[in-house]
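An overview of the molecular structure
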Amino acid sequence: MADQLTINPGVLTATRDVRPAEQFDVLIVGAGLSGIGAAYHLQKECPGKSFTILEARNATGGTWDLFRYPGIRSDSDMFTLGYRFRPWRESKAIADGPSILRYIRETARENGIDRKIRFGYRVTGAAWSSDSARWTVEASGPAGETVQFACKFLYMCSGYYDYSEGYMPGWPGMERYRGQIVHPQKWPENLDYRGKRIVVIGSGATAVTLVPALTDKAAHVVMLQRSPTYIVARPSQDVIANFLRKILPARTAYAMVRWKNVLIGMYFYGLSRRKPDYMKQGILNLVRKELGPDYDVEKHFSPRYNPWDQRLCLVPDSDLFAVIREGKASIVTDEIDTFTETGLRLRSGQELDADIIVTATGLKLKLLGGMRIVVDGAPVDMSRTLGYKGVMFSDIPNLASAFGYTNASWTLKADLTAEYVCRLLNYMDERGYASCAPRRRDPKITEEPMVNFTSGYFQRASAILPKQGSKKPWRLYQNYALDTLALRFGSIEDGTIEFARSNNGNRPV
């Protein structure tokens, strides 16, 4: 049972209508893929810690519950997107959204984590006090009431984008369009697109998923892209994985396939960095084999950037290429001049008639769920912080954040982050430390963007994102093997993280 604690409501809000705070050792924010994984590690590796999970929505699953558009699926294989501690047992390695959601919820239910979740609590702010070595976390409750919680350690697993809305560019003439405009993040449950002409604006993972899925009922689907994306096909089933599961115990087979896929991914990412032109031509040659020698691959599938400057798009079983070959879908590479009453007019003068226009135009990033952070009375500007090991932030005590890889599966890093947080908590308990914070002491450290990606959603959010440093432990290597060594086996006390004892929260040791 959590302790009851009354905290001055004025710490975060001017109102006095605040429920007295409950106190926990650890507060996890978010009950999606990362949050459920964090809770599993916490109760297994730190069994004496009290914790709860605050979830803003009314269901678990995060991304995999929010997105409901046709064809929703993973763009990573489930042997790396799945948890390290719970084997993926279904035959498809590239899984559909409902299967992933079921996997997350089964994990929570089997481990009793579902009973630790409080739904409808949207965290709005958190204030740290060094005197008490506690966070005061403020949330809006299910009925709109303001609620406070207190915790010794705050663990953010809220993802990195805005759940309330996606990115929506403004185009001229949108008000004139007489058809229906849909954003994938808010897909209407009963949208009838049977026999309709559909234009999907975008070329990223959502667009390449939607286009083949919509062709099952639509008259025709056009993917309208301003510029191409690298697209690679991959079988939805991993034949090696399915074979190994027949002859080996599930956990052994799962671990072997997981590392196989990790190493293959690392190899091709490294090759893309070393020989971008070679990789580019290799990808384009595979597309030519799919679509034939007469298709204009250079125009529609050859980006202006190098492979892995942005995330590659994965299409399982060549489904996108198949619907293009069959004439059910087509790609147009052009820019929008204006919406018209019946569709779109492009810069080239071409007009696209559409009954439905889907704006698969990307995400809006929201760091730490958009909450305000205050440390000892001073508001924190996250853009002025440095990320520490991709887990914590400079000068912010007792706070960790799950942030996955951009060049591999999200869960690979989320699992390692959870393991590290548990190691850190146990280390602090063993030595009587009450708080820890990474400190930027090396004057030779220079700042770099948090993520070296040219994707629009990262570029648009560059002003609010933390930075990374020019060398470890401030540098993000986007490398699972290096992170495994650092987070699972590396020394906790590395000369950068500063600890304070429980008898004096202000005094570092």
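The present account deals with the structure reproduced in this document. Sequence positions are assigned chain by chain, starting from 1 and proceeding in written order. With pLDDT at 70 or above as the cut-off, local features in this predicted model cover only qualifying residues; side-chain atom pairs require 80 or more to be listed or tallied, and sums for whole chains, interfaces and linings still use all residues. Values shown for side chains rest on all heavy atoms present in the structure; no hydrogens or waters enter the calculation.

Between the rings of Phe, Tyr and Trp (Trp by its six-membered ring), a pair exists once the centres lie within 6.5 Å; its type follows the angle of the planes, with under 30 degrees stacked, over 60 edge-to-face, and the other angles tilted. Under the definition given, this model contains 21 aromatic pairs. On the basis of an interplanar angle of 50° and a centroid distance of 6.1 Å, the ring pair of F79 and Y254 is categorised as tilted. Here the residue F79 occupies a position in helix α3 (residues 78-81), and Y254 occupies one in helix α7 (residues 250-274), the gap between them amounting to 175 residues. Like F79, the residue Y254 is buried in the burial classification. Taking the centre distance of 4.8 Å and the plane angle of 15° together, the rings of Y83 and F85 count as stacked. Helix and strand labels come from DSSP, where a helix needs a run of H or I of at least four residues and a strand needs a run of E of at least two; each type is numbered from the N terminus. Exposure classes here rest on a 1.4 Å probe applied to the protein chains alone. A residue is buried below 20% of its type maximum, exposed above 50%, and partly exposed in between.

Right, let's talk about the nonpolar core for a bit. Residues enter a nonpolar core if they are buried and are Ala, Val, Leu, Ile, Met, Phe, Trp, Tyr or Cys, with the set joined through side-chain atoms within 4.5 Å. The biggest cluster of nonpolar side chains holds 136 residues, and the ones touching the most others in it are I28, W135, L154, Y155, F301 and L424. For this core, the element with the highest residue contribution is helix α11 (residues 410-431), accounting for 12 residues. Contacts: residue pairs with any heavy atoms within 4.5 Å of one another. In contact with L154, other than residues within four places in its own chain, are L27, V29, A126, W135, V137, M371, N398, L399 and A400. Counting 14 residues, the second largest nonpolar core, distinct from the first, contains W171, Y177, V332 and L344.

Let us look at the packing of helix α1 (residues 33-45) against α11. Relative placement of two packed helices is described by the angle separating their axes and the distance separating the axes. Every angle, taken between N-to-C directions, lies between 0 and 180 degrees, and every axis is a line fitted to C-alpha atoms, over only the stretch in contact when it is a helix. Interaxial distance between α1 and α11 falls to 9 Å at its minimum, and their mutual angle equals 35°. The way α1 lies across α11 gives a crossing that is right-handed. Counted together, L33, S34, G37, A38, H41, L42 and E45 of α1 and W410, T411, A414, D415, A418, E419, C422, L425 and N426 of α11 form the full contact between these two elements. Taken together, the residues of the contact of α1 with α11 break down into 8 nonpolar, 5 polar and 3 charged. Less than a right angle of anticlockwise turn of the near helix away from the far helix marks a crossing as left-handed, whereas a clockwise turn marks it as right-handed. Amino acid classes used here: Ala, Val, Leu, Ile, Met, Phe, Trp, Tyr, Cys and Pro are nonpolar; Asp, Glu, Lys and Arg are charged; the rest, including Gly, are polar.

The rule for a salt bridge is simple: a side-chain nitrogen of Lys or Arg has to be within 4 Å of a carboxyl oxygen of Asp or Glu. Under the criterion given, the structure shown has 33 salt bridges. Salt-bridge contacts for E419 lead to R84; the nearest nitrogen and oxygen are separated by 3.3 Å. Taken together, the positions of E419 in helix α11 and R84 in the loop between α3 and α4 (97-110) put the pair 335 residues apart, joining distant regions of the chain. Given the relative accessible area of 8%, E419 is considered buried. D483 is paired through a salt bridge with K413; the nearest N and O atoms lie 3.9 Å apart.

Counted residue by residue, strand β13 (residues 329-333) has 4 buried out of 5 residues, so it is predominantly covered. The pairing criterion is simple: DSSP has to find at least two bridges between the two strands. Sheet topology places strand β10 (residues 220-225) next to β13; 5 bridges connect them, and they run parallel. If you follow L224 over to β13, its bridge partner there is V332.

Spanning 16 residues, helix α8 (residues 276-291) covers 23 Å between terminal C-alpha atoms, matching the ideal 22 Å at 1.5 Å per step. Within α8 the residues assigned to the buried category are P276, M279, K280, I283, L284, V287 and L291. Axial view of α8: buried residues confined to an arc of 130°, hence all on one face. Of the exposed residues in α8, those oriented more than 90 degrees away from the buried face are Y278, L286 and K289. For α8, the secondary structure elements touched by its buried residues are β11 (231-234), α7, α9 (297-301) and α10 (319-325). Positive backbone phi, approximately 95°, marks G292, located one or two places after α8. The span you would expect from a helix comes to 1.5 Å times its residue count less one. Our arc is simply the arc of the directions from the helix axis toward the C-beta atoms.

On to unusual backbone geometry, then. Note that the residue after K472, namely P473, is joined by a cis bond; omega there is 5°. Looking at where P473 falls in the secondary structure, it is placed in the loop between β25 (467-469) and α13 (480-489). Here A133, not a glycine, exhibits a phi torsion of approximately 55°, which is positive. Inspection of the secondary structure puts A133 in the loop between β5 (122-129) and β6 (134-140). Positioned with a positive phi, D317 is a non-glycine residue whose angle comes to about 55°. Along the polypeptide, D317 turns up in the loop between β12 (313-316) and α10.

The next subject is the sheet that holds β10. As summarised here, the arrangement of the 5 strands in space is β8-β17-β9-β10-β13, forming an open sheet in which the pairing is parallel. Each edge of the open sheet is held by one strand with a lone partner, namely β8 (180-182) and β13. The average angle at which neighbouring strand axes cross in this sheet is 20°, direction not considered. Inspection of the sheet shows β8 paired to strand β17 (residues 356-359) by 3 bridges, in the parallel sense. Across the sheet, Q180 pairs through a bridge with I356, a residue of β17. Each of β9 (197-201), β10, β13 and β17 touches helix α5 (residues 205-214); the most contacted strand, β10, lies at about 165° to it.

Attention now moves to the sheet that holds strand β15 (residues 343-346). Taken in spatial order, the 3 strands line up as β14-β15-β16 in an open sheet, and their pairing is antiparallel. Each edge of the sheet is formed by a strand with only one pairing partner; in this case those strands are β14 (336-339) and β16 (351-353). Pairwise comparison of adjacent strand axes, ignoring direction, gives a mean angle of 20° for this sheet. Note: β15 against β16, 3 bridges, orientation antiparallel. By the bridge assignment for β16, R345 is matched with E351.

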